[in-house]
Amino acid sequence: EAVAAEWMLEFACSCLCRHFTVENEAEFRRWRDVAQALINGFSKIPTHQKKRVYLCQFLIRIAKGKSLELQFENDRRISPLESALSFWTLLEREEINLEKLHEDIRRLIQIQIVAVHMENCYFKEAAEVVERLFTDSESDKPLRVKLTTVIKNKDPYVPLLQSFSYSRLIKKIKSYVELFMKENETNFLIQEATNHVKSKGLGATALHNTSVNVNEESNLETQQGFVLSIILMRDVLGHTIHNHCLNIDSSLSLMFINCFLDLNNLQNVGERGVPVACGRKRQRWTYNEDLALKSGVKTFGVGNWAKILAHGNFNNRTSVMLKDRWRTL
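Only a predicted model underlies this, so the values are computations on that prediction, with no experimental measurement involved.

The number of helices and strands found in the protein is 16 helices and 0 strands. Across the 329 residues of the protein, 40% fall into the buried class. In the protein, the share of contacts with a sequence separation of at least 24, taken over all contacts with a separation of at least 6, comes to 65%. A total accessible area of about 19800 Å² is found for the protein, and carbon and sulfur atoms account for 52% of it.

Further remarks concern helix α2 (residues 25-41). For α2, which comprises 17 residues, the first-to-last C-alpha distance of 24 Å matches the rise-based estimate of 24 Å (1.5 Å per residue) to within 8%. Of all the residues in α2, the buried ones are F28, W31, V34, A35, A37, L38 and I39.

Time to look at the nonpolar core. Counting 61 residues, the largest nonpolar core has L55, F58, L59, I62, I105 and I173 as the members making the most contacts within it. With 10 residues, helix α5 (residues 99-119) is the single largest residue contributor to this core. Those residues within four positions of L55 in sequence are excluded, and the remaining contacts are C13, C17, L91, Y176 and F180. Residues W285, V297, L309 and F314 belong to the second largest nonpolar core, which totals 9 residues.

Turning our attention to the side chain of E289. Relative to the helices and strands, E289 resides in helix α14 (residues 287-300). Once residues within four sequence positions are removed from consideration, E289 is found in contact with R284, N313, F314, N315 and R317.

Turning our attention to the side chain of H102. Summarising the element assignment, H102 is placed in helix α5. With sequence-adjacent residues up to four places away left out, H102 is seen in contact with W88, E92, E95 and Y176.

Okay, the environment of L108 next. Inspection of the secondary structure assignment puts L108 in helix α5. The buried category is assigned to L108, whose relative accessible area is 2%. Once the C-alpha coordinates of L108 and Y166 are considered, the two residues, 58 residues apart in sequence, prove to be 7.9 Å apart. Sequence-distant contacts of L108, defined by excluding residues within four places in its chain, comprise F164, S165, R168, L169 and K172.

All right, on to unusual backbone geometry then. Positioned with a positive phi, E23 is a non-glycine residue whose angle comes to about 60°. By relative accessible area, E23 is classed as exposed at 55%. If you check the backbone angles, N316 has positive phi at about 55° while not being a glycine. With respect to the secondary-structure elements, N316 resides in the loop between α15 (305-311) and α16 (319-328). Under the relative-accessibility criterion, N316 is labelled partly exposed at 37%.

What follows covers the environment of Q57. Inspection of the secondary structure assignment puts Q57 in helix α3 (residues 50-62). Each C-alpha atom, one on Q57 and one on S86, is 9.9 Å from the other, the two residues being 29 residues apart in sequence. Residue contacts for Q57: discarding those within four places in its chain leaves Q36, I39 and F87.

Let us now look at the packing of helix α1 (residues 2-21) against α2. Relative orientation of the contacting elements α1 and α2 amounts to 150°, with a least axis distance of 9 Å. Of the possible angle classes, the one that applies to α1 and α2 is roughly antiparallel. For α1 against α2, the interelement crossing comes out left-handed. On the side of α1, the interface is formed by A5, M8, L9, F11, A12, C15, L16, H19 and F20, while α2 contributes E27, F28, W31, R32, V34, A35, L38 and I39. Looking at side-chain class alone, the contact of α1 with α2 contains 14 nonpolar, 1 polar and 2 charged residues.

Moving on: the confidence of the model for the protein. Confidence in the prediction of the protein, expressed as mean pLDDT, is 79, and 75% of residues score 70 or more. Per-element confidence in the protein ranges from a low mean pLDDT of 41 for helix α11 (residues 206-209) to a high of 94 for α3. pLDDT under 50 marks residues 203-218. Its contacts with residues more than four places away, or in other chains, come to 10 contacts.

Turning to the packing of aromatic side chains, a few remarks are in order. Within this structure, the stated rule accounts for 7 aromatic pairs. Note on F11 and W31: the rings are 5.3 Å apart at their centroids and 90° apart in plane angle, and the pair reads as edge-to-face. One end of the pair, F11, is in helix α1; the other, W31, is in helix α2, and 20 residues separate them in sequence. Judged by relative accessible area, F11 falls into the partly exposed class, the value being 25%. W31 sits in the buried class, given a relative accessible area of 9%. Grouping aromatic residues by their ring pairs yields a cluster made of F58, W88 and Y176. The ring of Y166 is capped by K66, whose NZ or CZ atom sits 4.9 Å from the centre of that ring. Of note, R317 hangs over the ring of W285, and the distance from its end group to the ring centre comes to 4.2 Å.

Parameters and conventions
- Residues numbered from 1 in each chain as written.
- Predicted model: local features only at pLDDT ≥ 70, side-chain atom pairs only at ≥ 80, totals over all residues.
- Heavy atoms only, no water.
- Helix = DSSP H or I, 4+ residues; strand = E, 2+ residues; numbered from the N terminus.
- Buried < 20%, exposed > 50% of the residue type's maximum accessible area, 1.4 Å probe, protein only.
- Contact = heavy atoms within 4.5 Å.
- Areas by Shrake-Rupley, 256 points an atom, 1.4 Å probe, with all protein chains shown as cover.
- Expected span 1.5 Å × (residues − 1).
- Core = buried A, V, L, I, M, F, W, Y, C linked by side-chain atoms within 4.5 Å.
- Axes fitted to C-alpha atoms, helices over the stretch in contact; angles between N-to-C directions.
- Parallel < 35°, antiparallel > 145°, perpendicular 65-115°, else oblique.
- Left-handed = near helix turned anticlockwise from the far one by under 90°.
- Nonpolar A, V, L, I, M, F, W, Y, C, P; charged D, E, K, R; others polar.
- pLDDT = per-residue confidence, 0-100.
- Phe/Tyr/Trp six-rings, centres within 6.5 Å; stacked < 30°, edge-to-face > 60°.
- Lys NZ or Arg CZ within 6 Å of the ring centre and 35° of its normal.

In structure tokens:
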């Protein structure tokens, strides 16, 4: 389970990076939630996954860098960008060969933390940020003095802030992300999915035409039972969504269940190219099954297919089949 979770984290991080670089906001948000749920599931972050976790947390905060109303830390003074800076510091500790890029991004983040506060007319908070971020060291002093002067003038559009703009920060971060993706392109799930697609071609009908021995038939029954359980679980979660009481872990489970069922249907494509659930042949609905379905709808209501299936006398049906049959009736 722990190994599988790490594979999923690698894949989620890969998707998160890709959608960040192409600025696909909808997909980025989707994979942000997946990555966050996986990270929250670790009781302890594996040492070899720390860099990946830090990068995910960093990108999640950078994407919301201009939203001062969002809080990622318990300390309400800490803006999303300042929170991102803490994860950037952790990333820097994991690497030693990108010092120039690290320094450029660090300075850009620091300047933009001040700039975002000033753009929102939070000048007092901007001054407090400078006190927190910059020490009295000789290396920090020149930038500290310049930013203090800018804050006193209360002008967020001075050349300094314009030169080290938010767009420039994002561009630099994209450069870093692209390097990360290039170095970490050997993703287990991507490799397995690629091999699966290559072996099956585009039709995925080879499975249907191969002969099945006795052991394979036994395995097929086991798989059918597992898929039926997955379908029931999916319908229960779907009912939870309908009642607006779904948490992020349930939402993640539902997404993985649907992905699994889609793959299962792809592997069980029938002769006419129509997916056949669990590899079964289509069976005609009997009069008694129709009566049981009507009675179940009357008792539990339309949409509660899992309950209707559990309480009715059906011949090897699934809740999806019940829904489709009700639509036909």
